[in-house]
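Geometric and topological summary
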Amino acid sequence: MLKSSWLRLAPALGEVLLLTKASNTKRRQLVVGNWKMNGDLRENAALLKAITAGWQGQHGADVVICPPFPYIAQTVDALSGSSIMTGAQTVSEQEKGAYTGEVSAAMLADLNCKFVIIGHNERRRMQRESDQQVAEKFVQTQRVGLIPILCVGESLDDREAGKHLQTIARQLDAVFERVGKAVFSDAVLAYEPVWAVGTGKTATPAQAEEVHQFMRAQLGELGEKVRILYGGSVKAHNAEQLFALADIDGALLGGASLDADEFLAICKAAE
Ligand code: 13P
């Protein structure tokens, strides 16, 4: 970890203050692996075995693995006895009933899942999930005691038009309007710029910090308490630099979560 220090950025990067973590930072770092639509029983078993073997005992960071729905039971089972928790990649916005193909929050809780990724950009874009649907999923998740990991992030067009903060504000406001802000004490936020997901492009520390600071400001009083993860091409080689930043409390990983060595290296960098 870098030592605590203030760095003023070049004016060209704007007026964001890059503050590296002070040793008394109270938020515990969290690393979440989103397997997306990858894996099978055999591959998962090998991956989970390698990850649990490399993450035994006490640790200074929390770790969550989010497999596809059919493998949640397998993951919960493989992780029992380890401190690593299981999450889902999405959930229905409905409580129960005639919704063919959907999976309810209560079903996830029943399987001992602890977290649910909500509003991932791939679902917002490919499944056309609206801000309002995302807000309902947030409600369903918390209703059964699961922890939502609410994802927000701008497209490349928004970023290039200088509208990235407007997009983030809109995505957050839809949930604030539905549930208020206080319930975010039991939630996690994730900033995933769409242009950085799966592209090998990572937001610069200044770009990430600007948005994370903005998100904390939007949360009001809870701003300093809520964990805000960064996601988008985080790998072992860039994790430490991102984790050293004051407002980044861990990572939401895609590709890097499918390789045990890479994943464990990032988890260790978060401690
Ligand atoms: P990559 O780490 O593969 O860029 O994916 C990030 C992501 O979408 C995690 O949810």
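Our subject is the structure that appears above.
Residues numbered from 1 in each chain as written. Predicted model: local features only at pLDDT ≥ 70, side-chain atom pairs only at ≥ 80, totals over all residues. Heavy atoms only, no water.

Secondary structure assignment for the protein chain yields 10 helices and 10 strands. Considered along the principal axes of its C-alpha atoms, the protein chain spans approximately 55 × 40 × 30 Å. A total of 271 residues make up the protein chain; the buried ones form 52% of that total. (Helix = DSSP H or I, 4+ residues; strand = E, 2+ residues; numbered from the N terminus. Buried < 20%, exposed > 50% of the residue type's maximum accessible area, 1.4 Å probe, protein only.)

Here we come to the layout of surface pockets. Taken as a whole, the largest pocket holds about 380 Å³ of empty space. Among the elements that line the lining of the largest pocket, the one with the most residues is helix α4 (residues 121–126), at 3 residues. The residue inventory of the lining of the largest pocket, partitioned by class, reads 7 nonpolar, 5 polar and 3 charged. (1 Å grid on protein atoms, 1.4 Å probe; cavity = no way out; pocket = protein on both sides within 12 Å on 5 of 7 lines; lining within 4 Å. Points joined across faces, edges and corners; volume = space filled by probe spheres on them. Nonpolar A, V, L, I, M, F, W, Y, C, P; charged D, E, K, R; others polar.)

Glancing now at the environment of Ala244. Position of Ala244 relative to the elements: it lies in the loop between α9 (236–243) and β10 (250–253). Judged by its relative accessible area of 1%, Ala244 is buried.

Quick look at the site of the ligand now. Around the ligand sit 13 residues, and of these Lys36, His120, Glu192, Gly198 and Ser233 come closest. Contacts to the ligand include Asn34, whose side-chain N or O atom sits 3.1 Å from an oxygen atom. Between the ligand and Lys36 there is a distance of 2.8 Å, counted from an oxygen atom to a side-chain nitrogen or oxygen. Taking 310 Å² as the accessible area of the ligand by itself, protein coverage stands at 96%. (Near = heavy atom within 4 Å. Polar contact = N/O pair within 3.5 Å; in protein donor to acceptor, adjacent residues only side chain to side chain. Areas by Shrake-Rupley, 256 points an atom, 1.4 Å probe, with all protein chains shown as cover.)

Looking now at the pairing of strand β7 (residues 147–152). Among the 6 residues that make up β7, 5 are buried, leaving the element largely enclosed by the rest of the structure. As defined by bridge partners, strand β6 (residues 115–118) adjoins β7 across 4 bridges and the pair is classed as parallel. If you follow Ile118 over to β7, its bridge partner there is Leu150. Bridge analysis of β7 against strand β8 (residues 188–191) gives 4 bridges, and the strand direction is parallel. In the strand pairing of β8, Val152 is matched with Tyr191. (Pairing = 2+ DSSP bridges.)

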